[in-house]
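Here is what each chain is made of, one letter per residue.
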Amino acid sequence: MLTVERLSASYGPVRALDSVSLSAAEGEITAVLGANGAGKTTLLRTISGLVRPSDGHVRLGGRDLSRVSTEDLPALGLAHVPEGRGVLAELTVEENLRLGALGARGRVTTADLRRIYDLFPVLADRKNGLAHVLSGGERQMLVIGRALLSRPKVLLLDEPSLGLAPRIVARIFGLLRGLVHDEGLAVVLVEQNARSALSIADHGVVLNLGRVVVRRDAAALVADDALRHAYLGF
Ligand SMILES: Nc1ncnc2c1ncn2[C@@H]1O[C@H](COP(=O)(O)OP(=O)(O)OP(=O)(O)O)[C@@H](O)[C@H]1O
Ligand SMILES: [Mg+2]
C-alpha cells in the first residue's frame, strides 16, 4: 500500500532522515520507534509532503507522491494525524469532525458521523460541546475520528499515546487494532511508548539518528531481550 524507498531529508545542515525504507501493508500496523530526535516525526512529515525529501521516493498504491500536492493526499487515501492533537478549540466536536472529510470527499453524511460515534461514544456525548473542553484522551479520539472520516487507506499516527493514562492508551490502541483488522487499513504508528505500540503492531522499525537500525516482526522484537534493552528501554 505505502512504500518508502531510501528516503532522506535535512533541515539545513541537520540530516534528519538518512536513506529510510519501510512499507505499510493493508491490514497491518508498522510501529516506528526510537529516541527523541531520531527522525520519526520527520519521516511522517516527509511521507505527507510537508518536508521535501532530498532523496528517495514515497509510493502510495504504486503512485509516486513526489508529484502530488499535499492537499490532494486525502483524496488518494492518505491521512496524517500529527503530534499534539490539534483541534479547533472554538468549534464543536462535531464541527471538528466534519472538517476531517474536507479535501477527501467534501460532504459528511449522518452515517459517516454515526460510524465515528459508534467507535468513540464519548464523542457522541459531547458532539455539541466545544472541543477545547475535551480531555487529552478525548482529543486524541477526536483527531483520530476526524482522520478516519476521510476513509483513508493509509493512516499515519504521530505519538497518539503521549500524555495519556495507560488505560486510555490501551483503549485507543485496542480500537485501532480492530479498525485495521476490520477495514484493512494500513497504519504507520510512531511511538515513544514502544511496549504498547509493539503490543498491537505487526512490524517494528527502530530509527536512530535518522537511520533504520532494527527492522523485525513486532513479536520477534519484543522477544529479543538484548535489542529491547538496547533500543526500546523496556
Ligand atoms: N523544523 C526543524 N528545523 C530544524 N531541525 C529540525 C526541525 N524539526 C526537527 N529537526 C531536527 O531533526 C531531527 C529529527 O527530529 P524529529 O522531530 O523528526 O524527531 P522525533 O523522532 O520525532 O523526536 P521526538 O520523539 O522528540 O518527537 C532532530 O535532530 C531535530 O532537532
Ligand atoms: Mg516526534
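Per UniProt, the protein chain carries the Sequence similarities (unreviewed entry) text "Belongs to the ABC transporter superfamily."

A. Expanded view of the overall build of the protein chain. Along the protein chain, the regular secondary structure elements total 10 helices and 10 strands. Radius of gyration (C-alpha) of the protein chain: 17 Å, near the 17 Å computed for a compact globule of 234 residues. Each of the three principal axes of the protein chain carries a C-alpha extent, and together these read 45 × 40 × 35 Å. A buried classification covers 48% of the 234 residues belonging to the protein chain. For the protein chain, the exposed surface amounts to about 10900 Å²; the carbon and sulfur share of it is 50%. Side chains of the protein chain give 28 positive and 25 negative charges; the mean places of these two sets differ by 2 Å.

B. Region of interest: the coordination of the magnesium ion (ligand 2). Protein-derived coordination of the magnesium ion (ligand 2) comes from Thr41 (OG1) and Glu83 (OE), at a distance range of 2.0 to 2.7 Å. Of this pair, Thr41 sits in helix H1 (residues 40-47) while Glu83 sits in the loop between strand E6 (78-81) and helix H3 (93-99), placing them 42 residues apart in sequence. Its relative accessible area of 22% is what places Thr41 among the partly exposed residues.

C. Inspection of the site of ligand 1 at higher detail. Around ligand 1 lies a shell of 13 residues, among which Gly37, Lys40, Thr41, Thr42 and Gln192 are the nearest. Here an oxygen atom of ligand 1 sits 2.9 Å away from a polar atom, N or O, in the side chain of Asn36. Contact with the protein chains removes 61% of the 640 Å² of surface that ligand 1 exposes when unbound. Ranked by residues supplied to the shell around ligand 1, first place goes to H1 with three residues. In terms of residue class, the shell around ligand 1 is built from four nonpolar, six polar and three charged.

D. Summary view of the nonpolar core. In this structure, Leu33 and Leu155 are the most contacted members of the largest nonpolar core, which totals 50 residues. With seven residues, the top contributor of residues to this core is helix H7 (residues 166-183). Among residues more than four places away in sequence, those in contact with Leu155 are Ala79, Val81, Ala147, Leu148, Leu176, Leu185, Ala186, Val187 and Val188. With 27 residues, the next largest nonpolar core counts Val4, Leu17, Val20 and Ala24 among its residues.

So, how was this worked out
- Residues numbered from 1 in each chain as written.
- Chains lettered and ligands numbered in written order.
- Predicted model: local features only at pLDDT ≥ 70, side-chain atom pairs only at ≥ 80, totals over all residues.
- Heavy atoms only, no water.
- UniProt positions renumbered as here; feature names shortened; annotations may be inferred.
- Helix = DSSP H or I, 4+ residues; strand = E, 2+ residues; numbered from the N terminus.
- Rg over C-alpha atoms; globule rule 2.2 N^0.38 Å.
- Buried < 20%, exposed > 50% of the residue type's maximum accessible area, 1.4 Å probe, protein only.
- Areas by Shrake-Rupley, 256 points an atom, 1.4 Å probe, with all protein chains shown as cover.
- Lys, Arg positive; Asp, Glu negative; His and termini not counted.
- Charge placed at Lys NZ, Arg CZ, Asp CG, Glu CD.
- Donors = N, O, S within 2.8 Å, 3.2 Å for Na, K, Ca; no water.
- Near = heavy atom within 4 Å.
- Polar contact = N/O pair within 3.5 Å; in protein donor to acceptor, adjacent residues only side chain to side chain.
- Nonpolar A, V, L, I, M, F, W, Y, C, P; charged D, E, K, R; others polar.
- Core = buried A, V, L, I, M, F, W, Y, C linked by side-chain atoms within 4.5 Å.
- Contact = heavy atoms within 4.5 Å.

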